[in-house]
Amino acid sequence: MSVPARLAQIRKFLGLSQKEMGKRVRVSGTTWQNYELENAAPNAHVLAHLSGEGFDMNWVLTGQGEMRKAGAAGKQETGFAELAPLELPRNQVGGTGAHMLVPRYRLRTLDTEAGKRMTVEDRTILDAISFRRSFIEQELKVDPAKLIAVEAPDDSMEPTFSAGDILLADTSDPKLRGSGVYVLTSGSALLVKRLQMKIDGGVVVSSDNATRYPSEEIGKGDTDELKIAGRVIWRGGRM
């Protein structure tokens, strides 16, 4: 059974029309119909609503496990950042059909001892987001298997992107490739920061919301300490 077929099964389980189902997850009935016809893929916020209704995201995206979460009763108000963790085997990431899965990681903001705010994320796959394969390969022009998704947790990168936006990062060439927004590794954590190359060979590591999140400079001789996981190439969010 495909993802569109499982979405149709969810709607029938709830006893709703396509128009009613769309309204329930805050999209139009036509958009939901396109999900079932495989003309579009549900975005992060639609998946969040389904998870909040008690549907298991592992089942929705991969077909494995049960449709309903263990102990699911009724609708629970929850945001996309609060989706329950699950194990998504790497051999299921990507897929071979019209749609593919991109693993998603959760970001969080910490206050360091020095009083600076730092955005990090646990390096654990929470779930996956479905994207149309043609969009990834033809528009973004990247290897689908080399993508990861992260969700912006706060205003540290405003106005470039806002809290709740979904970011796609290309991990195929994990090195500094000019100025841009990158996903960095720091021990067991990941950070999303803007890197700006300096004429002297150093690098400025910063957040776009510079008034709240101070930048720091890395000298030319210390740039090897920058452990880059990938470069952010796409963002998606609410208008």
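Here the structure is shown first, and the text comes after it.
First, a word on what this report is: a plain description of the structure on this page.

## Let's talk about the overall build of the chain
- Within the chain one finds six helices and 11 strands.
- For the chain, buried positions account for 46% of its 239 residues.
- In the chain, once contacts between residues fewer than 6 apart in sequence are set aside, the share between residues at least 24 apart is 57%.

## Description of helix 3 (residues 29-36)
- Every buried residue belonging to helix 3 is among Gly29, Trp32, Tyr35 and Glu36, and all of these are buried. Seen from one end, helix 3 has its buried residues packed into an arc of 110°, which puts them on one side.
- Positive backbone phi, approximately 65°, marks Glu38, located one or two places after helix 3.

## Some points on the packing of aromatic side chains
- Counted according to the given criterion, the structure contains three aromatic pairs.
- Centroid distance Phe13 to Phe55: 5.8 Å. Interplanar angle 85°. Geometry classified as edge-to-face. Of the two residues, Phe13 is situated in helix 1 (residues 3-14) and Phe55 in the loop between helix 4 (44-52) and helix 5 (57-62); the sequence distance between them amounts to 42 residues.
- With a relative accessible area of 47%, Phe13 lands in the partly exposed category.
- Residue class for Phe55 comes out buried when judged on its relative accessible area of 0%.
- With a centroid separation of 6.0 Å and 75° between ring planes, the pair formed by Phe135 and Trp234 is classed as edge-to-face. Of this pair, Phe135 sits in helix 6 (residues 133-140) while Trp234 sits in strand 11 (residues 227-236), placing them 99 residues apart in sequence.
- It is Arg68 that lies over the ring of Phe55; its NZ or CZ is 4.6 Å from the centre.

## Some words on unusual backbone geometry
- The linkage connecting Glu158 with the following residue, Pro159, adopts the cis geometry, with an omega of 10°.
- With respect to the helices and strands, the residue Pro159 is situated in the loop between strand 5 (147-151) and strand 6 (166-170).
- A positive phi is found at Glu38, a non-glycine position, where the angle reads about 65°.
- Counting through the fold element by element, Glu38 comes out in the loop between helix 3 and helix 4.
- A positive phi angle, close to 55°, is found at Lys141, a residue other than glycine.
- Relative to the elements of secondary structure, Lys141 occurs in the loop between helix 6 and strand 5.

## Quick notes on the pairing of strand 6
- The buried fraction of strand 6 is high, at five of five residues.
- The side-chain alternation of strand 6 yields two buried faces, one formed by Ile166, Leu168 and Asp170 and the other by Leu167 and Ala169.

## Regarding the environment of Gly180
- Relative to the helices and strands, Gly180 is located in strand 7 (residues 180-186).
- Given a relative accessible area of 7%, Gly180 falls into the buried group.
- For the pair Gly180 and Arg194, spaced 14 residues apart in the sequence, the C-alpha separation amounts to 5.5 Å.
- When near neighbours in sequence (up to four residues on either side) are disregarded, Gly180 contacts Lys193, Arg194, Leu195 and Arg231.

## Side note on helix 6
- Every buried residue belonging to helix 6 is among Arg133, Ile136 and Leu140, and all of these are buried. The arc that holds the buried residues of helix 6, viewed along the axis, is 115°, so those residues lie on one side. For helix 6, exposure combined with an orientation more than 90 degrees from the buried face picks out Gln138 and Glu139.
- Two residues or fewer past helix 6, Lys141 is found with a positive phi of approximately 55°.

About the criteria used
- Residues numbered from 1 in each chain as written.
- Predicted model: local features only at pLDDT ≥ 70, side-chain atom pairs only at ≥ 80, totals over all residues.
- Heavy atoms only, no water.
- Helix = DSSP H or I, 4+ residues; strand = E, 2+ residues; numbered from the N terminus.
- Buried < 20%, exposed > 50% of the residue type's maximum accessible area, 1.4 Å probe, protein only.
- Contact = heavy atoms within 4.5 Å.
- Arc of directions from axis to C-beta.
- Phe/Tyr/Trp six-rings, centres within 6.5 Å; stacked < 30°, edge-to-face > 60°.
- Lys NZ or Arg CZ within 6 Å of the ring centre and 35° of its normal.

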